[in-house]
Every structure is written in structure tokens, then in C-alpha cells.
Amino acid sequence: MAMNAAFGTQPALELTAQRTVGTDASAARRGKRRIYLGDWTEADVYWFDDLKPGMKIAGPALVDSASTSVLVVNGSSVTVDPLGSLQI
């Protein structure tokens, strides 16, 4: 099996802080999904690209994107920071 690798310099990353919009994340909610966390439970599912700074999500929940899913366990929560990152 051949392995490929690429090396190079990336341009500097410039992140711009965005204005917070409030805590309600319902605009990013995409439904529910059954997940197993020791027992089967229903978890709200949110689309990452639709989350805005200030929005909050309580677990259990999933935050889906085109490339990954983030699990927010029961008892934890997520807040979207001004740069669009998830603070768990």
C-alpha cells in the first residue's frame, strides 16, 4: 500500500470575530438521532455551518458537519465562540 504525503507552507490564518446573536440554536437544529451512550437515547442534531456565535446547545446532542460529528454528552453543553469554534 503506497502512502502519500505533502508538505508546504500554509498562508497565515486570519479569523474575524463575529457578533453574537443570542443563545437560541433552534435555527441550526436538524432533528433527532438515536445514539448509544451506555443506553439508547434520543439526541438533538445540529448542523455546524448554521451555528452562530453565542448559540448554546445542551447535551445529549450531535453537531454534524460535512467532515465530522461532535458528540455533546448528557450534562455537558456547547457555546459557539465569536470565532465560530465550539466551546464544550
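Residues numbered from 1 in each chain as written. Predicted model: local features only at pLDDT ≥ 70, side-chain atom pairs only at ≥ 80, totals over all residues. Heavy atoms only, no water.

Undergrad: Can you tell me about the overall build of the chain, naming the residues and giving the values?
TA: Helix and strand counts for the chain stand at 0 helices and 7 strands. What you see in the chain, going N to C, is helices and strands ordered as β-β-β-β-β-β-β. For the chain, the C-alpha radius of gyration of 16 Å lies well beyond 12 Å, the compact-globule estimate for 88 residues. Here the C-alpha coordinates of the chain stretch approximately 45 × 45 × 20 Å along the principal axes. Residues classed as buried in the chain amount to 26% of the 88 residues present. Taking all contacts inside the chain whose residues are at least 6 apart in sequence as the whole, residues at least 24 apart take part in 31%. (Helix = DSSP H or I, 4+ residues; strand = E, 2+ residues; numbered from the N terminus. Rg over C-alpha atoms; globule rule 2.2 N^0.38 Å. Buried < 20%, exposed > 50% of the residue type's maximum accessible area, 1.4 Å probe, protein only. Contact = heavy atoms within 4.5 Å.)

Undergrad: How would you sum up the pattern of salt bridges? Please name residues and give values.
TA: Counted by the stated rule, this structure contains 4 salt bridges. Between Asp44 and Arg29 there is a salt bridge whose closest N-O contact spans 2.9 Å. Residue Asp44 is located in strand S2 (residues 40–47), and its partner Arg29 is located in strand S1 (residues 29–36); the two are separated by 15 residues in the primary sequence. When its relative accessible area of 34% is taken as the criterion, Arg29 is described as partly exposed. If you follow the salt bridges from partner to partner, you end up with Arg29, Lys32 and Asp44 in one network. (Salt bridge = Lys/Arg side-chain N within 4 Å of Asp/Glu carboxyl O.)

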